[in-house]
Protein chains: 2
Amino acid sequence: MNKKKQQTEQTKKKIADAARALFAQKGYKATSIEDIVKATGCSAGNIYYHFKNKEGLFLYLLEEWNTEWDKTWLDKETLYPTTIDKLYGMAEHLALDQLNHPLTKAADEFFNNSEKAPDVEERIHEMVQGYLDFNRQLLQRGIDNHEFETTNVTGLAIILDSLMLGLNQHSRRMEREEALEAYRLAMDVFLHGIAKSTRTR
Amino acid sequence: MNKKKQQTEQTKKKIADAARALFAQKGYKATSIEDIVKATGCSAGNIYYHFKNKEGLFLYLLEEWNTEWDKTWLDKETLYPTTIDKLYGMAEHLALDQLNHPLTKAADEFFNNSEKAPDVEERIHEMVQGYLDFNRQLLQRGIDNHEFETTNVTGLAIILDSLMLGLNQHSRRMEREEALEAYRLAMDVFLHGIAKSTRTR
DNA sequence: TATAACACTGAACTTTTATTCAGTATTATA
DNA sequence: TATAATACTGAATAAAAGTTCAGTGTTATA
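Peer 1: So what about the overall build of chain A? Which residues, and what values?
Peer 2: The helix and strand tally for chain A stands at nine helices and zero strands. Ordered by position in the sequence, the α and β elements of chain A form the string α-α-α-α-α-α-α-α-α. In terms of overall dimensions, chain A has a C-alpha envelope of 60 × 40 × 30 Å along the principal axes. Residues counted as buried form 49% of the 201 residues belonging to chain A. Here the analysis covers contacts within chain A between residues at least 6 apart in sequence; of these, 67% occur between residues at least 24 apart.

Below, the structure is given as structure tokens:
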């Protein structure tokens, strides 16, 4: 391989890794370019050589995180036979992901920060739609399998995402087991809430 | 009344009103003291005469908002006979509150921003606990009335808050009716999820 | 080997913003 | 009326932080 491309790849990864750790630890706004300079040992100019700007760097990390999540989920998904199992599995997956990659806090800060360029706003909107689509498809499959019945799939997809979004915030103040239990309970309530008939797990 | 106290009260209100509107519109970080100076016509020094600092000003608005919420809720609560009705009422109340006072967005930003003084962090933690206690008490009353049964009241209080927290974020992209419908559906799912038996509304 | 493309430096620039404080005007107090 | 307390001004401070760019060394290309 080209030595230059190799170098670029390596540097880009070094910056991304350091930035990810810092954003997770300190938050988006509180992490300065200077912090990343210190952590990587490379210059400020170099960071701007590889990434458009701070927003671009963070967005890059988010996209990377999404594709990583999708990949690991695809591996796990096949292990769950029914949609109900899949939903419990997803809740657990989300809980653990949140515990292992606390980038979510910075992501929330970033999503809720109003000083964003229009194209970034657009990209975020697409991401949210992606999450909702994911939920919608999962629920639809459950309906097709007659695991539960509901007319308002879109509405429920939002409910489900809301639940995960809110839990995500609360779970930051929890221990591992406590968080997992909360996610499980949430899924109990949700599934029982949309169940065809009374169900005990 | 003392003319000085009257003056102080008036000025403090003027600043609070302007700040509330600006925070709601632009977000916490994006609203500068300079913005408030322009909006009120009084000097920067005057703002710092009446409030400890920017954090203190925002915290003041949050406290004011909470007490206001409690007050209007107490008025409404008596109208609902059962706990289930109360929960639907609360969901509606939250939906409308969110639509009328979009300070929630700035509040999220503030809550998720890591650059907070320790005492502010503490105060926020107390607020969150207050919300959870509120939910817990409401649910407990429902159990006492045999409207639903559950062992894990604390867990469900968190689930309920998570749901409202997440919906709050989603409802920002919704119209009034759409938001109300989403909150109602969420409560359907939640209540059905913790119901004693299968229920149709 | 000469030239171009690339990876990188790091200091300087620019802008923004929270906060302070010496001083002024107004009102209460004795 | 004299003094103290209070309400307020607004310019100065001070620090932070994102971004740029002229220039340097390194690698690819012809």
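Peer 1: Explain the packing of helix H9 (residues 176–194) of chain A against helix H9 (residues 176–193) of chain B to me, using residue names and the numbers behind them.
Peer 2: Orientation of H9 of chain A relative to H9 of chain B, taken along the N-to-C sense of each, is 100 degrees, at an axis distance of 7 Å. With respect to H9 of chain B, the axis of H9 of chain A lies roughly perpendicular. Here Val189, Phe190, His192, Gly193 and Ile194 of chain A of H9 of chain A come into contact with H9 of chain B, specifically with Val189, Phe190, His192 and Gly193 of chain B. Considering only residue class, the contact of H9 of chain A with H9 of chain B consists of five nonpolar, four polar and no charged.

Peer 1: Which residues make up the relation of the copies chain B and chain A, and what values do they have?
Peer 2: Here chain B sits on chain A after a turn of 180 degrees about the axis and a move of 0.0 Å along it, with an RMSD of 0.0 Å. The superposition operator between the copies reduces to a two-fold rotation axis. No C-alpha of chain B approaches the rotation axis more nearly than that of Gly193 of chain B, which lies at 1.8 Å. Both copies contact each other with a shared surface, as 100% of the interface residues of chain B are interface residues in chain A too.

Peer 1: Please give an account of the pattern of salt bridges that cites residues and values.
Peer 2: Residues and elements named next belong to chain A. For the structure on display, the rule yields 24 salt bridges over all chains. Lys116 is paired through a salt bridge with Glu121; the nearest N and O atoms lie 3.9 Å apart. Relative accessible area serves as the criterion here: at 11%, Lys116 is assigned to the buried category. Among the charged side chains, a network of salt bridges with common partners joins Lys13, Asp17, Arg20 and Glu64.

Peer 1: An account of the protein's contact with DNA strand C is requested, with residue identities and associated values reported.
Peer 2: The environment of DNA strand C is made up of 20 residues, and the closest members are Thr8, Tyr49 and His50 of chain A together with Tyr48 and Lys54 of chain B. Those atoms of DNA strand C that come within 4 Å of the protein belong to sugar or phosphate at a rate of 70%. Contacts to DNA strand C include Thr11 of chain A, whose side-chain N or O atom sits 2.7 Å from a phosphate oxygen. Ile33 of chain B places a main-chain nitrogen or oxygen 2.8 Å from a phosphate oxygen of DNA strand C. A breakdown of the residues in the surface near DNA strand C according to their chemical character gives four nonpolar, 12 polar and four charged.

Peer 1: Summarise the confidence of the model for chain A; cite the residues concerned and give the values.
Peer 2: Averaged over all residues, the pLDDT of chain A is 89; the fraction at 70 or higher stands at 96%. Confidence scores differ between elements of chain A, with helix H6 (residues 103–112) of chain A showing the lowest mean pLDDT of 83 and helix H3 (residues 44–50) of chain A the highest of 97.

Peer 1: Talk me through unusual backbone geometry; I want residue IDs and the actual numbers.
Peer 2: Positioned with a positive phi, His146 of chain A is a non-glycine residue whose angle comes to about 65 degrees. A relative accessible area of 60% means that His146 of chain A is categorised as exposed.

Peer 1: With reference to specific residues and values, describe the nonpolar core.
Peer 2: By size, the foremost hydrophobic cluster in this structure holds 99 residues, and its most contacted members are Met187 and Phe190 of chain A together with Met187 and Phe190 of chain B. Among the nonpolar cores identified, the runner-up in size contains 25 residues, and Ala16, Leu22, Ile47 and Val120 of chain B belong to it.

Peer 1: A description of empty space enclosed by the protein should follow, citing residues and the corresponding values.
Peer 2: Vacant regions in the atomic arrangement are exposed by a probe of water-molecule size rolled over the atoms. Counted by the stated rule, this structure contains three cavities of 30 Å³ or more. Roughly 80 Å³ of volume is contained in the largest cavity. Every residue lining the largest cavity is listed: Tyr28, Lys29, Glu109, Asn113 and Glu115 of chain A together with Lys29, Glu109, Asn113 and Glu115 of chain B. When grouped by side-chain class, the residues that make up the lining of the largest cavity number one nonpolar, two polar and six charged.

Peer 1: Hey, could you go over the protein's contact with DNA strand D for me, with residue numbers and the actual values?
Peer 2: Near DNA strand D there are 20 residues, and of these Tyr48 and Lys54 of chain A together with Thr8, Tyr49 and His50 of chain B occur at the shortest range. Sugar plus phosphate, as a fraction of atoms of DNA strand D within 4 Å of the protein: 67%. Thr11 of chain B is positioned such that a nitrogen or oxygen atom in its side chain is 2.8 Å from a phosphate oxygen of DNA strand D. Within the side chain of His50 of chain B, a nitrogen or oxygen atom sits 2.5 Å from a phosphate oxygen of DNA strand D. Those elements that place two or more of their residues in the surface near DNA strand D are helix H1 (3–26) and H3 of chain A together with helix H1 (3–26) and helix H3 (44–50) of chain B. A breakdown of the residues in the surface near DNA strand D according to their chemical character gives four nonpolar, 12 polar and four charged.

Thresholds, definitions, all that
- Residues numbered from 1 in each chain as written.
- Chains lettered and ligands numbered in written order.
- Predicted model: local features only at pLDDT ≥ 70, side-chain atom pairs only at ≥ 80, totals over all residues.
- Heavy atoms only, no water.
- Helix = DSSP H or I, 4+ residues; strand = E, 2+ residues; numbered from the N terminus.
- Buried < 20%, exposed > 50% of the residue type's maximum accessible area, 1.4 Å probe, protein only.
- Contact = heavy atoms within 4.5 Å.
- Axes fitted to C-alpha atoms, helices over the stretch in contact; angles between N-to-C directions.
- Parallel < 35°, antiparallel > 145°, perpendicular 65-115°, else oblique.
- Nonpolar A, V, L, I, M, F, W, Y, C, P; charged D, E, K, R; others polar.
- Least-squares fit on C-alpha atoms with pLDDT ≥ 70 in both.
- Salt bridge = Lys/Arg side-chain N within 4 Å of Asp/Glu carboxyl O.
- Near = heavy atom within 4 Å.
- Polar contact = N/O pair within 3.5 Å; in protein donor to acceptor, adjacent residues only side chain to side chain.
- pLDDT = per-residue confidence, 0-100.
- Core = buried A, V, L, I, M, F, W, Y, C linked by side-chain atoms within 4.5 Å.
- 1 Å grid on protein atoms, 1.4 Å probe; cavity = no way out; pocket = protein on both sides within 12 Å on 5 of 7 lines; lining within 4 Å.
- Points joined across faces, edges and corners; volume = space filled by probe spheres on them.

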